[in-house]
Structure formats: C-alpha cells, structure tokens
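Secondary and tertiary structure notes
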Amino acid sequence: MDRRVRKLLSIAVFLVVVAVILWDPWDSCAAQVARGQEAPQGEWVNSTAHISTDHGSIVVELADIDAPITVGNFIGLADQSFYDNMRWHRVVDGFVIQTGDPNSRDQNPYNDGTGGSSQTIPLEIHEDLTHEDGAIGMARSSEPDSASSQFYICDGAQNGLD
C-alpha cells in the first residue's frame, strides 16, 4: 500500500475515533417542521422535519398521507417547541437513536424513556412505510395506541419493527 494512502487511512480512522469519543449521547435536540405543498384534498404532503443537535442537523421527510395522525402529532409538538433541549436518551449502534421524552431534560437518567406528552395517538400502519436505514418512527409500548412524543431514527434496516 502506498505510503500516502496509509497516511490518509490513518488520519481518517483517527478522525472517526475522535468523533466517536467526542460525541455525547446526552446531546440535546430541537425539531422544526416545514410544511410541504397542499394537495387537492386539502392535505399536506412532503413535510420535512429539521432536527437540530449539538453535532449538526438531521432532515427527515414525513409521510403526511400515509400516517396523517402521527405526522400531525409530531408537527404539533414541534410547533410548540416540545422537543427543545431534549436528550437522545436511547442510542443503540446498529439499531436506533431515540428522543422525545421530556424526562430527559432532568439530570436523572433512570427515568429517561418513561415520559411523553399528555396525549397518545393510535397506531398507523401502511405497507409503503418500512423501517429502512434512516427511517423515522414513533416509539410506543407494547400497547398499539400508546405513541406520544418519543420518536426514533433507524440505524440500519429494522424490518422486525415493521
């Protein structure tokens, strides 16, 4: 292997290691939503959520038509600044990163993942919505209609969640 290639590879590995060391899973987030175009039936399509973290932004497209209740709930909470200063309380490499629990704002990690907003929404399933890498979904308990405010982003395909 060429000396320059080895040096560049070493630098790249070093930068990845530094990024992993410096990344704090307790970083906070905030979400802002940009509505898409109004469809003829009066529904909105192709809304995007801009999730700001201490390490940059994440932009996700929301499925307004296929999951209107879920998207409406998410947009309503984001518009109320509900997600501001929440931590990513669940970070599992190769599975998901999760936020949306207001309990994550306190300094007690033992209650993280147990909170939500004051309202729950029904489960929405659509055959076109799958848990592919980068997909966003609402977290819930084993009770189908228990989603509230917590959401996750898939780190790799998670077909078992479909």
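So, here's what we can say about the structure. (Residues numbered from 1 in each chain as written. Predicted model: local features only at pLDDT ≥ 70, side-chain atom pairs only at ≥ 80, totals over all residues. Heavy atoms only, no water.)

The next point concerns unusual backbone geometry. Phi at Ser81 takes a positive value of approximately 60°, unusual for a residue other than glycine. Looking at the secondary structure, you find Ser81 in the loop between α2 (68-79) and β6 (86-87). Taking the relative accessible area as the measure of exposure, Ser81 reaches 39% and is therefore partly exposed. Positive phi values are uncommon outside glycine, yet Asn85 reaches one of about 65°. Tracing the backbone through its elements, the reader meets Asn85 in the loop between α2 and β6. (Helix = DSSP H or I, 4+ residues; strand = E, 2+ residues; numbered from the N terminus. Buried < 20%, exposed > 50% of the residue type's maximum accessible area, 1.4 Å probe, protein only.)

With that settled, the discussion passes to the layout of surface pockets. Taken as a whole, the largest pocket encloses approximately 910 Å³ of empty space. Forming the walls of the largest pocket are 37 residues, and the residues nearest its centre are Leu129, His131, Ile136, Gly137 and Met138. For the lining of the largest pocket, the secondary structure elements donating two or more residues are β5 (56-61), α2, β8 (96-99), β9 (136-138) and β10 (151-154). Here the residues of the lining of the largest pocket are counted per class, giving 19 nonpolar, nine polar and nine charged. The computed volume of the second largest pocket comes to approximately 160 Å³. Contributing to the lining of the second largest pocket are 14 residues, with Gly113, Gly115, Ala139, Arg140 and Gln150 lying nearest its centre. Split into classes, the residues belonging to the lining of the second largest pocket amount to two nonpolar, 11 polar and one charged. (1 Å grid on protein atoms, 1.4 Å probe; cavity = no way out; pocket = protein on both sides within 12 Å on 5 of 7 lines; lining within 4 Å. Points joined across faces, edges and corners; volume = space filled by probe spheres on them. Nonpolar A, V, L, I, M, F, W, Y, C, P; charged D, E, K, R; others polar.)

Before going further, it helps to spend a moment on the packing of aromatic side chains. One pass over the full model with this rule turns up five aromatic pairs. For the ring pair Phe74 and Tyr83, a centre distance of 5.2 Å and an interplane angle of 35° mean the geometry is tilted. The residues Phe74 and Tyr83 share a single accessibility class, namely buried. Between Phe74 and Phe151, the ring centres sit 5.2 Å apart and the planes meet at 90°, which makes this aromatic pair edge-to-face. Taken together, the residues Phe74 in helix α2 and Phe151 in strand β10 connect sequence positions 77 residues apart. According to the relative accessible area criterion, Phe74 is buried, its value standing at 3%. Residue Phe151 is classed as buried on the basis of its relative accessible area of 1%. Ring pairs connect the aromatic residues Phe74, Phe82, Tyr83, Trp88 and Phe151, which therefore count as one cluster. Cation over ring: Arg105 sits above Phe82, and NZ or CZ is 5.9 Å from the ring centre. (Phe/Tyr/Trp six-rings, centres within 6.5 Å; stacked < 30°, edge-to-face > 60°. Lys NZ or Arg CZ within 6 Å of the ring centre and 35° of its normal.)

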